[in-house]
Amino acid sequence: MNKRAILIMAGAMALMPVWGGAASAADPPAGGTISIEPKTADCEYDPSVRSFVGAASEVLASKGFTILEDSGHAAYVAELILSRVEVGTGTAKASAGHSEAFPGGAGNSVGAGVVIPLPTGKSRIVPLQRVRLELRMRKRGENGIVWDGAAVTVRAAGTKKGADEVVASDLSEALLRSYPAQPEEVVGVP
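Residues numbered from 1 in each chain as written. Predicted model: local features only at pLDDT ≥ 70, side-chain atom pairs only at ≥ 80, totals over all residues. Heavy atoms only, no water.

(A) Expanded view of the overall build of the protein. From N to C terminus, the protein includes 3 helices and 8 strands. For the protein, the succession of helices and strands along the chain, N to C, is α-β-α-β-β-β-β-β-β-α-β. Looking at the 190 residues of the protein, the share that counts as buried comes to 28%. Sequence separation of 24 or more characterises 75% of the internal contacts of the protein that already satisfy a separation of 6 or more. Looking at the protein as shown, the accessible area adds up to about 12,100 Å², and 57% of this sits on carbon and sulfur atoms. (Helix = DSSP H or I, 4+ residues; strand = E, 2+ residues; numbered from the N terminus. Buried < 20%, exposed > 50% of the residue type's maximum accessible area, 1.4 Å probe, protein only. Contact = heavy atoms within 4.5 Å. Areas by Shrake-Rupley, 256 points an atom, 1.4 Å probe, with all protein chains shown as cover.)

Dropping the structure here:
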């Protein structure tokens, strides 16, 4: 074989996975009906799952989906998997105290009170949690995954930024930001 034929063969072999690779089950849908099936990675009950389902529902709705409660009627089913693991401790600012000046107005006059936040300068030890949210989308009645992605963050529990509603919203937004593009890696959220 001459050098040119070898180069052509090598090029064809390099492109073979693109041409002859296994096709995905289907392309990710641009909308339609979908139901969300929440799960936890450890199969334990977690009351915060509702916050994550709500946040994922909002983002999916913004992407053109109609959320249905019954998976038997939806064109697509999204398996939403939540995992939460304590990974250590950190410090967080203690709740700021406040001072109220003139709580009902000055003297007998009518008016609003004034609240002045006073920093305490104190901090407290809080657990750090790694929270991972994964979404796997399938066509109803089929096993093939049409879209899969995951997002992860580490947050201090018991803080404003670590509240379930905030974490759920942040992870759902990051996870589905580039939908229908398939993320190649787990999306990290600060």
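There is more to say after this.
(B) Main features of the sheet that holds strand β1 (residues 32-40). The strand order across the open sheet built from 6 strands is β2-β1-β3-β6-β7-β8, with neighbouring strands paired in mixed fashion. Each having just a single partner strand, β2 (65-67) and β8 (187-189) make up the two edges of the open sheet. Neighbour-to-neighbour, the strand axes of the sheet open up by a mean angle of 30 degrees, direction not taken into account. Where strand β6 (residues 123-139) lies against strand β7 (residues 145-156), 11 bridges are found, and the strand directions are antiparallel. Residue pairing across strands places Arg138 opposite Ile145, the latter belonging to β7. Contacting β1, β2, β3 (76-93) and β6, helix α2 (residues 49-62) crosses the sheet at an angle of about 155 degrees to β1. (Pairing = 2+ DSSP bridges. Axes fitted to C-alpha atoms, helices over the stretch in contact; angles between N-to-C directions.)

(C) Seen up close, the packing of aromatic side chains. A full pass over the atoms with the stated rule returns 2 aromatic pairs. Ring centres 5.3 Å apart and planes at 70 degrees place the aromatic pair Trp147 and Tyr179 in the edge-to-face group. Residue Trp147 is located in strand β7, and its partner Tyr179 is located in the loop between α3 (164-176) and β8; the two are separated by 32 residues in the primary sequence. Here Trp147 matches Tyr179 in class, with each residue buried. (Phe/Tyr/Trp six-rings, centres within 6.5 Å; stacked < 30°, edge-to-face > 60°.)

(D) How the structure looks around the pairing of β1. In the sheet, β1 pairs with β2 via 3 bridges, with the strands oriented parallel. Each bridged residue has a counterpart across the sheet, and for Thr33 the counterpart in β2 is Thr66. A crossover links β1 with its parallel partner β2, the connecting element being α2, and its sense is right-handed. The pairing of β1 with β3 spans 7 bridges and is parallel. Opposite Glu37, over in β3, you have Glu79 as the bridge partner. (Right-handed = clockwise from strand over helix to strand, strands pointing away.)

(E) Representation of the confidence of the model for the protein in the model. For the protein, per-residue confidence averages 80 on the pLDDT scale, and residues scoring 70 or more make up 72% of the total. For the protein, the element scoring lowest by mean pLDDT is helix α1 (residues 3-20), at 38; α3 scores highest, at 97. Scored below 50 in pLDDT, residues 1-24 makes 3 contacts in the model with residues more than four places away or belonging to other chains. Segment residues 96-107: pLDDT under 50, and 24 contacts once partners within four positions in sequence are set aside and those in other chains are kept. (pLDDT = per-residue confidence, 0-100.)

(F) Geometry of unusual backbone geometry. Residues Tyr179 and Pro180 are joined by a peptide bond in cis, for which omega reads 15 degrees. Inspection of the secondary structure puts Pro180 in the loop between α3 and β8. Not every positive phi belongs to a glycine, and Cys43 is a case in point at roughly 60 degrees. Tracing the backbone through its elements, the reader meets Cys43 in the loop between β1 and α2.

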